Amino acid sequence: MGMTITEKILADHAGLKEVVPGQLITGKLDLALANDITGPVAIQEFAKFNMDKVWDPSKIALVPDHFTPNKDIASAELSKSLRLFARDQKIVHYWEQGRVGIEHCLLPEQGVTLPGDVIIGADSHTCTYGALGAFATGVGSTDLAAGLATGEAWFRVPESMKFVFKGQNFQPWVGGKDLILYTIGKIGVDGARYRAMEFAGEGIEALSMDNRFTICNMAIEAGAKNGIIAPDDKTLAYVKERAERPFKIYQSDPNAQYAELYEFNIEDIPLQVAFPHLPENAKSVEEAHGIRIDQVVIGSCTNGRLEDLRIAAEILRGKSVHRDIRLIVIPGTQNIYKQAMKEGLIDIFIDAGAVVSTPTCGPCLGGYMGILAKGERALSTTNRNFVGRMGHPESEVYLSGPAVAAASAVKGEIVHPQEVA
Amino acid sequence: MSKAWRFGDDVDTDVIIPARYLNKTSHKHLAAHCMEDVDASFAEAVQVGDVIVGGKNFGCGSSREHAPLAIKSAGVQVVIAESFARIFYRNSLNIGLPILECSEAARGIQAGDDVSVNLETGEILNVTQGTRFQARPFPPFMQELIKAGGLIPYIKGRKNNA
C-alpha cells in the first residue's frame, strides 16, 4: 500500500518498512529543541533520569527567544538555567542574545533542521519545519526531557489530510498567511486534530520558502500534529547552502491514503483577517474593513522573515504610521535584520514611525515588547488571537499577513492594502 | 464532594495559564493563576478533588506543560472533556494529570454538580443528577504510562527491566 510523506519519514525513523495510521512507534530523533520557557522545565525533568550527559549534544537546540533580552528577574533566572545547562552539556546549537533569533526562523536559516528529519520541539510551532519536508511536531517539556535522555520519542502515526491548492492566479498581496488562515477557517481549530496536514498543488509550488514556513507554522492552529510540504527545487536550493549534514528527500506515493482531501482554488482566496478569539474566525479583509486598532505587530515565527518585511516596507515606503497607532516590527533573526538594513527596509520602518526590535517572541504571547491594555485592539501577523494572548484579558487580537498589517498601520483601521498602495 | 467546574469548547493553554506567569516554574505559582483569564475566582475557590469539565478540543494552543501542571497543582482530580488537543493530552499523561474523554459526560454535567469518578474503570457518576457515564478507555500503551505515574517513571522502569 502507498504511504504519505509523513508515514514514510516515521517508518524510516522507527526502523520499519511500513507504518499505518494509528500505529504506535518509537522514532529516532534528528533534533530536539526547547526555548527559555519550556527548556528550564525540561531540564528539571531531565535531572530525574540521573544521567550525566544528554544523548547527543549536537542534536539538541536550545533557543532563548521568548522572554529575551530578559524582561524581569524571574525570566533572567530561566535564561540562566538554560545557559548553564547548555554550557555544562556542551550543547552545540545554543545561541546567546545578540546571535539568537526566533527559534523557527533561526533553525532553518542555520541549516539545523533539514528535509526528512524527525524533530520534536517543546514549542507548539515546531511544526514549521514541515515546510522543508521534515516531520516536526510540538511536545511538552517532559517529552522533550525524555528525548534529551534517549534520543527517541513515541508517536502515534497520524492520519493524513491533503490540501491541494489549484492554480497560481493569486489575488494581489495574497500569501502563505492567507492560505493557512483560509484553510483553518474552513476546517476549524480542531479540524486536523491528531492528524498530518499535507499541503500540495500548483499554488504551493508557486510559493517561496518563507511563505511555506508560514503555512506549516500554523498547522497547530488547526490542531494538527504536523504540517508538511514535499521538497522541490526551491526546498533544495534553500537547504543546499545551509546543510552541514546529509539529509533525505521523501515524497508521498501516488496511491497514498488520506483521511480527507480538500481542494481550494488559489484565485478564490482573498486576503484574510482572523477575528478574536480563535484563528478559525477567518474572514476576507473586506469584512474587517474599518475596524479601529491601537497596535500593529509585524514579526514572529509566523511572519518575521525577510519577505514579510519586504512586503511591509513596500507598503510603508514614504508613508507615516497613523498618529494613534503603535507599529512594532520584529525581524525574526539577526541575519534577517541585517539584510533588511542593507535593503533599506529598516530606514523605511523608522521613517514611517515604527518601533524596530531585536528578534524576540515578546508580544506574540503577551510576554513583553508590546503588551495591550484593557480594551485595546491589535492587528498582528502572529499566530494566535486567544483571550488575553497579547495582554489584558479584555484586549483583542486580529490576525493577518504583513500586507494588511502594514496598510492598516497607516490608516489606523483595518484596510485592504490597495487603499494605501 | 467533588464539585464540577464547567468551561466551554476550545479552552486554550493561554487561558489555563497566561504567558505572563510563565516566568516562574513553581507549581504553587502556576496554580495561583490557573484559569485566571476565563474565571478569576477559580484559583481561589477550587477545592482539592474538584473536577474540570470542558467541551471539544480542551487544551488547544501552546505546548506549555505549565498548563496541565497548573490544573494538577490547583488540586483538580480529573479533567473530563468531549475531546482534548493532542499536546495537552500527551502532557497530561506524561505528568500524571488524569483526563477522561467522554462527550456524554461533558454535556451531562452542569457547573456545581457533585461528580464521582473511577479513574481505573473510566466510570463517571453525576451524584447531583443521578446519571452515569462511561469514558472512552485509553489504549494499552497509555494505560501503562498512566500506571507508571508518567513518562519518566515509565522509561526508567522499562530500562531497569531491559
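So, how was this worked out
Residues numbered from 1 in each chain as written. Chains lettered and ligands numbered in written order. Predicted model: local features only at pLDDT ≥ 70, side-chain atom pairs only at ≥ 80, totals over all residues. Helix = DSSP H or I, 4+ residues; strand = E, 2+ residues; numbered from the N terminus. Rg over C-alpha atoms; globule rule 2.2 N^0.38 Å. Buried ≥ 20, exposed ≤ 12 C-beta atoms within 10 Å, placed from the backbone. Contact = placed C-beta atoms within 7 Å. Pairing = 2+ DSSP bridges. Axes fitted to C-alpha atoms, helices over the stretch in contact; angles between N-to-C directions. Nonpolar A, V, L, I, M, F, W, Y, C, P; charged D, E, K, R; others polar. Core = buried A, V, L, I, M, F, W, Y, C linked by C-beta atoms within 7 Å. pLDDT = per-residue confidence, 0-100. Parallel < 35°, antiparallel > 145°, perpendicular 65-115°, else oblique. Left-handed = near helix turned anticlockwise from the far one by under 90°.

Some details on the overall build of chain A
Along its length, chain A carries 14 helices and 18 strands. Computed over the C-alpha atoms, the radius of gyration of chain A is 20 Å, within 12% of the 22 Å expected from 2.2 N^0.38 for a compact globule of 421 residues. Each of the three principal axes of chain A carries a C-alpha extent, and together these read 60 × 50 × 40 Å. Looking at the 421 residues of chain A, the share that counts as buried comes to 61%. Here the analysis covers contacts within chain A between residues at least 6 apart in sequence; of these, 77% occur between residues at least 24 apart.

Describing the overall build of chain B
When you go through chain B residue by residue, the secondary structure sums to eight helices and seven strands. Relative to the globule expectation of 15 Å for 162 residues, the C-alpha radius of gyration of chain B, 15 Å, shows essentially globular dimensions. Taken along the three principal axes of its C-alpha coordinates, chain B extends 50 × 40 × 25 Å. Look at the contacts in chain B between residues 6 or more apart in sequence, and 65% of them connect residues 24 or more apart.

Some remarks on the sheet that holds strand β10 (residues 226-228) of chain A
All names here are of chain A. The strand order across the open sheet built from four strands is β10-β9-β8-β11, with neighbouring strands paired in parallel fashion. In this open sheet, the two edge strands, each paired with only one partner strand, are β10 and β11 (260-265). Between one strand axis and the next, the sheet turns through 20° on average, direction left out of account. Here strand β8 (residues 160-166) runs beside β11; their pairing, made up of six bridges, is parallel. The residue of β11 that forms the bridge with Val164 is Glu263.

Observations concerning the interface of chain A and chain B
The partner chain B presents 35 residues to the 41 residues of chain A that form the contact. Among the secondary structure elements, those contributing two or more residues to the side of chain A that touches chain B are α2 (38-46), α3 (73-88) and α5 (141-150) of chain A. The element best represented in the side of chain A that touches chain B is α5(A), accounting for six residues. Taken together, the residues of the side of chain A that touches chain B break down into 19 nonpolar, 12 polar and 10 charged.

Details of the pairing of strand β2 (residues 31-35) of chain A
Residues and elements named next belong to chain A. For β2, the tally of buried residues reaches five of five residues, placing the bulk of the element in the interior. Residues Leu31, Leu33 and Asn35 of β2 are buried on one face, and the alternating residues Ala32 and Ala34, pointing to the opposite face, are buried as well. Pairing of β2 with strand β5 (residues 118-122) involves four bridges; the strand directions are parallel. What sits directly across from Leu31, in β5, is Ile119.

So, the environment of A:Trp154
Residue and element names in this part refer to chain A. Examined against the element boundaries, Trp154 turns out to sit in strand β7 (residues 152-156). Taking the C-alpha atoms as reference, Trp154 lies 43 Å from Val355; in sequence the two are 201 residues apart. In this view, Trp154 contacts Leu24 and Thr26; residues no more than four positions away in its chain are not counted.

Re the nonpolar core
Counting 198 residues, the largest nonpolar core has A:Val296, A:Ala312, A:Phe349, B:Ile71, B:Val79 and B:Ile80 as its most contacted members. Setting aside residues up to four positions removed in sequence, B:Ile80 forms contacts with B:Val51, B:Val53, B:Leu100, B:Cys102, B:Ala105, B:Ala106 and B:Ile124.

Brief notes about α5(A)
All names here are of chain A. Extensive coverage of α5 is indicated by the burial of nine of its 10 residues. Of all the positions in α5, only Ser141, Thr142, Asp143, Leu144, Ala145, Ala146, Gly147, Leu148 and Ala149 are classed as buried. Positioned one or two residues after α5, Gly151 has a phi angle of 75°, which is positive.

Some thoughts on the confidence of the model for chain B
Mean pLDDT over chain B works out to 96, with 99% of the residues at or above the 70 mark. This complex was scored by the predictor with a pTM of 0.98 and an ipTM of 0.97.

What about the environment of B:Asn126?
All names here are of chain B. Examined against the element boundaries, Asn126 turns out to sit in strand β6 (residues 123-126). Taking the C-beta count within 10 Å as the criterion, Asn126 has 18 such neighbours and is therefore assigned partly exposed. Apart from residues lying up to four places away in sequence, Asn126 is in contact with Gly108, Ile109, Asp113, Val115 and Thr131.

Regarding helix α11 (residues 306-316) of chain A
Residue and element names in this part refer to chain A. Here α11 lies mainly inside the structure; eight of its 11 residues are buried. Taken as a whole, α11 has its buried residues at Leu306, Asp308, Leu309, Ile311, Ala312, Ala313, Ile315 and Leu316. Positive backbone phi, approximately 75°, marks Gly318, located one or two places after α11.

Notes on the pairing of strand β6 (residues 135-138) of chain A
Residue and element names in this part refer to chain A. Both faces of β6 are covered, namely the face carrying Phe135 and Thr137 and the face carrying Ala136 and Gly138. Inspection of the sheet shows β5 paired to β6 by four bridges, in the parallel sense. Opposite Ile120, over in β6, you have Thr137 as the bridge partner.

Observations regarding unusual backbone geometry
Residue and element names in this part refer to chain A. Cis geometry is found at the peptide bond from Thr68 to Pro69, where omega equals -15°. Here Pro69 is to be found in the loop between β3 (60-63) and α3. Geometrically, the link from Pro276 to His277 is a cis peptide bond, its omega value of 0° lying close to zero. Locating His277 in the fold gives a position in the loop between β12 (272-274) and β13 (282-284). A positive phi angle is found at Trp173, which is not glycine, with a value near 75°. Residue placement: Trp173 occurs in the loop between β8 and α6 (176-187).

Side note on the sheet that holds β13(A)
All names here are of chain A. Here seven strands make up an open sheet; going across it, the order is β13-β12-β18-β17-β14-β15-β16 and the pairing mixed. Strand pairing shows two members of the sheet lacking a second neighbour, β13 and β16 (355-356), which therefore form its edges. Bridge count between strand β17 (residues 377-380) and strand β18 (residues 396-400): four bridges; the pairing is parallel. Bridging across to β18, Leu379 finds its partner in Tyr398.

Concerning the packing of α2(A) against α3(A)
All names here are of chain A. The interhelical angle for the contact between α2 and α3, taken along N-to-C directions, is 55°, at an axis separation of 8 Å. For the element pair α2 / α3, the angle class is oblique. α3 is crossed by α2, and the crossing has left-handed handedness. Residue-level inspection shows Gly39, Pro40 and Ile43 of α2 in contact with α3, the latter providing Leu78, Ser81, Leu82 and Phe85. Its residues assigned to classes, the contact of α2 with α3 shows five nonpolar, two polar and no charged.

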